[in-house]
Amino acid sequence: MLRRSRFLAYLYGLHAHADQTGLIRSRDGCGDIADSLARASFSSLTDGGRFFAAALVAGVVAERQPGHYALVTAVTPDWEAASAVLTSTDLGSAAA
């Protein structure tokens, strides 16, 4: 599921929006991050939200402060959990 989705492109977009400490910020400082990340991964805002939730569950993104997210170094990301989130929230799946 992860290879067939745009999840990897979304992770690259997260990396591009992160500063040196890992905090995810808008590139220009004033734009909408969700929209910018969705465009970077060639996906919709809905899919962008799914991808962000999957990254949180996998452990590669963490909420450092309320509303402030950062990339984290995960020794063993939980890709199975990320795949389960994407499968369960897929609009085309029977589970959704």
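Everything quoted here is computed from the prediction, not taken from an experiment.

1. Some words on the nonpolar core
Judged by nonpolar contacts, the single largest core of 16 residues is most densely connected at Phe 7, Tyr 10, Leu 11, Leu 14, Ala 54, Ala 55 and Val 61. Put simply, the parts of the chain that give this core at least two residues each are α1 (7–17), α3 (45–58) and α4 (79–88). Among the elements that make up this core, the one with the highest residue count is α3 (five residues).

2. Overview of α3
When the terminal C-alpha atoms of α3 are compared, their 20 Å separation across 14 residues agrees well with the 20 Å that a helix rising 1.5 Å per residue should span. On the buried face of α3, the contacting elements are α1, β1 (61–65), β2 (68–71) and α4. Of the residues one or two after α3, Gly 59 is the one with positive phi, at around 95°.

3. Focus: the confidence of the model for the protein
Taken residue by residue, the protein gives an average pLDDT of 83. The fraction at 70 or more is 83%. Taking the mean pLDDT of every element in the protein, the minimum, 82, falls on helix α2 (residues 33–40) and the maximum, 92, on α4.

4. Some remarks on unusual backbone geometry
The phi dihedral of Phe 42 falls on the positive side, at around 55°, and the residue is not glycine. Along the chain, Phe 42 falls in the loop between α2 and α3.

5. Here's the deal with the pairing of β2
Relative to β2, β1 is paired through four bridges, and the arrangement is antiparallel. Bridging across to β2, Ala 62 finds its partner in Ala 70. Connecting β1 to the antiparallel partner β2 that follows it, the hairpin turn spans two residues, and Gly 67 within it adopts a positive phi of roughly 85°.

6. Some remarks on the environment of Gly 13
Along the chain, Gly 13 turns up in helix α1. Considered as a pair, Gly 13 and Ala 40 are 27 residues apart in the sequence and their alpha carbons are 5.7 Å apart. Those residues within four positions of Gly 13 in sequence are excluded, and the remaining contacts are Leu 37 and Ala 40.

Reading the values: rules and limits
Residues numbered from 1 in each chain as written. Predicted model: local features only at pLDDT ≥ 70, side-chain atom pairs only at ≥ 80, totals over all residues. Heavy atoms only, no water. Core = buried A, V, L, I, M, F, W, Y, C linked by side-chain atoms within 4.5 Å. Buried < 20%, exposed > 50% of the residue type's maximum accessible area, 1.4 Å probe, protein only. Helix = DSSP H or I, 4+ residues; strand = E, 2+ residues; numbered from the N terminus. Expected span 1.5 Å × (residues − 1). Contact = heavy atoms within 4.5 Å. pLDDT = per-residue confidence, 0-100. Pairing = 2+ DSSP bridges.

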